[in-house]
Amino acid sequence: MRMVERAEKYREDMVELRRALHREPEIGLALPLTKAKVVAALEDLPLEITEGRALGSVTAVLRGGRPGGAVLLRGDMDALPVREDTGLEYASRFDGVMHGCGHDLHVAGLVGAARLLCEVRGELPGDVVFMFQPGEEGHDGARLMIEEGVLDAAGRPLDAAYAVHVAANLLPAGFWATKPDVVMSASDVLRVTVRGEGGHGSAPHKGRDPVPAVAEMVLALQSHVTRTYDIFDPVVVTVGRLTAGSQQNVLAHEAEFEATVRSYSQANQDRLREALPALVRGIATAHGLEVDVEYRVLYPVTVNDAVEAGFAMDTVHDLFGADAGFVSPVPASGSEDFSLVLREVPGAMLMLGATPPGLDPADAPANHSPLARYDDAVLPAQAALLAELAVRRLARTARSA
């Protein structure tokens, strides 16, 4: 029986797990409820299960029946600090926390892949590592799992690593996309606090107003991007939070903002780390204000190995048909800490469309939206592809040994 057909046996179980995870989303690195659900879903399988020490991760290793290589499959588990507004019957029961990025599908699909691979354990020429990762949404979960040894869990070097990310819009449900080389942007965070001297709003000359300086900084960041970086190696700076003052007639004592910084090359990420703090410090000095600047390098550019990306898309076409996926001409604008895995191991990340029925992918609510919804009917396809990638990649290693 083909992997896609076998995956249908686990459809209901995967949907049930996905919706249970969706009801009880958790943020960050601990995720006790999520971890308990994952461990319970795996406990009847012939897996070596290890839980994280510094974070609520789960690493499961399947030992194949024949000697060979090792492959890693990853699913991230954490949710977002977003108040859900989907109206789904299984919507989050925790106010202000939502699986708005589809990680609940990632977990359920990876559990399904584990079940499929356990069925063929005796035929596998090597081992499979299942990486259930917390803290992808800005909490450095992949780095912590790497430090705790997830890449060494098989006891031998990994031959490849794969991950799937679902999309609530842009792609029709069941449609796949990936590309070789840069597939997602790098992500950094700029935090700036400007301190002045408060006073009465009617006499700003008697104080030191940080608000005009911050307004100048925000505009200068945009001008810096458009006048400094090559448009064919793009940079995006978005100020997502800006706060100042307490009342319209009170001169603010301080003002602060936070920005996300995205880039598509290591050279630009390195350049931005020096240039943006220098820019805002210069403006603060010109206004006679004090400034605190924090620049946090979050995730590097996600780079797919060209061979592995081609192999993954060939597998998509074999399983689902020639029209089921395409090689994207441009990277995605989001960022991923799976990039840290791909810096150490050749592999690929693929996108899977999960736009719900009745919605147009062109204008459906996007990932991270409080209205984001996902079609959990794609779970068998996700599980089947991950399992098939592991089977074929281990076979390829065995043939070349």
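What you see is a predicted model; the values in this text were computed from it and never measured. (Residues numbered from 1 in each chain as written. Predicted model: local features only at pLDDT ≥ 70, side-chain atom pairs only at ≥ 80, totals over all residues. Heavy atoms only, no water.)

Q: Requested: an account of the overall build of the protein, with residues and values cited.
A: Each helix and strand in the protein was counted, giving 10 helices and 16 strands. Along the three orthogonal principal directions, the C-alpha set of the protein runs to about 80 × 45 × 40 Å. Looking at the protein as a whole, 55% of its 401 residues are labelled buried. Partitioning the intrachain contacts of the protein with sequence separation of at least 6 by distance along the chain shows that 82% fall at a separation of at least 24. Taken as a whole, the protein presents about 16,700 Å² of accessible surface, with 53% of it coming from carbon and sulfur. Counting 37 positive and 56 negative side-chain charges, the protein places the averaged centre of each group 2 Å from the other. (Helix = DSSP H or I, 4+ residues; strand = E, 2+ residues; numbered from the N terminus. Buried < 20%, exposed > 50% of the residue type's maximum accessible area, 1.4 Å probe, protein only. Contact = heavy atoms within 4.5 Å. Areas by Shrake-Rupley, 256 points an atom, 1.4 Å probe, with all protein chains shown as cover. Lys, Arg positive; Asp, Glu negative; His and termini not counted. Charge placed at Lys NZ, Arg CZ, Asp CG, Glu CD.)

Q: Hey, could you go over the UniProt feature "domain: Peptidase M20 dimerisation" (unreviewed entry) in the protein for me, with residue numbers and the actual values?
A: Here the UniProt feature "domain: Peptidase M20 dimerisation" (unreviewed entry) sits at residues 191–280. In residues 191–280, the share of helix is 38% and the share of strand is 32%. The end C-alpha atoms are 10 Å apart. (UniProt positions renumbered as here; feature names shortened; annotations may be inferred.)

Q: Outline the sheet that holds strand 16 (residues 347–353), supporting the account with residue identities and numerical values.
A: Spatially, 1-2-4-3-5-16-6-14 is the arrangement adopted by the 8 strands of the open sheet, whose pairing is mixed. With partners counted over all chains shown, the strands left at the sheet margins are strand 1 (48–51) and strand 14 (325–327), one partner each. Within this sheet the neighbouring strands show an average axis-to-axis angle of 20°, counted without direction. Pairing analysis gives 3 bridges linking strand 6 (residues 176–178) to strand 14, with the strands arranged parallel. Note that in strand 14 the partner of Trp176 across the bridge is Gly325. In the packing of helix 3 (residues 32–42) onto the sheet, contacts are made with strand 1, strand 2 (58–63) and strand 4 (125–133), and the angle to strand 2 comes to roughly 15°. (Pairing = 2+ DSSP bridges. Axes fitted to C-alpha atoms, helices over the stretch in contact; angles between N-to-C directions.)

Q: Residue-level account of unusual backbone geometry, with values.
A: Look at Leu170: it is not a glycine, yet its phi comes out positive at around 70°. Within the secondary structure, Leu170 is located in the loop between strand 5 (160–167) and strand 6. For Leu170, a relative accessible area of 66% translates into the label exposed. Phi at Asp181 takes a positive value of approximately 65°, unusual for a residue other than glycine. Given a relative accessible area of 43%, Asp181 falls into the partly exposed group.

Q: I'd like to hear about the packing of aromatic side chains, residue by residue, with values.
A: Applying the stated criterion across every chain yields a total of 3 aromatic pairs. Between Trp176 and Phe320 the ring centres are 5.8 Å apart and the planes differ by 20°, which places this aromatic pair in the stacked class. Taken together, the residues span a long stretch of sequence, with Trp176 in strand 6 and Phe320 in helix 8 (residues 306–320) at a distance of 144 residues. Judged by relative accessible area, which is 0%, Trp176 ranks as buried. Residue placement shows Arg396 over the ring face of Phe311; its charged tip is 5.0 Å from the ring centre. (Phe/Tyr/Trp six-rings, centres within 6.5 Å; stacked < 30°, edge-to-face > 60°. Lys NZ or Arg CZ within 6 Å of the ring centre and 35° of its normal.)

Q: Got a sec to walk through the side chain of Ser57? Specific residues and values, please.
A: Among the structural elements, Ser57 can be located in the loop between strand 1 and strand 2. Note on Ser57: relative accessible area 3%, which makes it buried. Setting aside chain neighbours within four positions, we find Ser57 in contact with Lys35, Thr50, Glu51, Gly52, Met77, Phe132, Pro134 and Met145.

Q: For helix 6 (residues 210–228), give the residues involved together with the corresponding values.
A: Across its 19 residues, helix 6 extends 26 Å between first and last C-alpha, which sits within 8% of the 27 Å expected from 1.5 Å per residue. For helix 6, the complete set of buried residues consists of Pro210, Ala213, Val214, Met217, Val218, Ala220, Leu221, His224 and Val225. Down the axis of helix 6, the smallest arc covering the buried residues is 170°, so these residues share one side. Opposite its buried face, helix 6 presents the exposed residues Leu219 and Arg227, each directed more than 90 degrees away. Those residues of helix 6 that are buried are in contact with strand 7 (181–195), strand 9 (235–244), strand 11 (254–263) and helix 7 (266–286). Of the residues that open helix 6, the one with a side-chain oxygen 3.0 Å from the backbone nitrogen of Val211 is Asp209. (Expected span 1.5 Å × (residues − 1). Arc of directions from axis to C-beta. Polar contact = N/O pair within 3.5 Å; in protein donor to acceptor, adjacent residues only side chain to side chain.)

Q: I'd like a rundown of the nonpolar core, residues and numbers included.
A: Of all hydrophobic cores here, the largest spans 69 residues; its most connected members are Leu42, Leu73, Leu117, Val128, Phe130 and Phe132. Apart from the residues within four sequence positions on either side, Leu42 is in contact with Leu47, Ile49, Val58, Ala60, Val111, Ala114 and Phe132. (Core = buried A, V, L, I, M, F, W, Y, C linked by side-chain atoms within 4.5 Å.)

Q: Quick one: what's the story with the pattern of salt bridges, residue by residue and with numbers?
A: Within this structure, the stated rule accounts for 32 salt bridges. With its nearest N and O atoms 2.6 Å apart, the salt bridge here joins Glu24 to Arg93. Note that Glu24 is positioned in the loop between helix 2 (11–23) and helix 3 and Arg93 in the loop between strand 3 (66–76) and helix 4 (103–119), a separation of 69 residues in sequence. On the basis of relative accessibility, which here comes to 55%, the residue Arg93 falls in the exposed class. Notably, a salt bridge pairs Asp76 with Arg74, separated by 3.6 Å at the nearest N-O pair. A relative accessible area of 2% means that Arg74 is categorised as buried. Taken together, the shared-partner salt bridges in this structure form one network comprising Arg18, Arg19, Glu89, Asp104 and Asp376. (Salt bridge = Lys/Arg side-chain N within 4 Å of Asp/Glu carboxyl O.)

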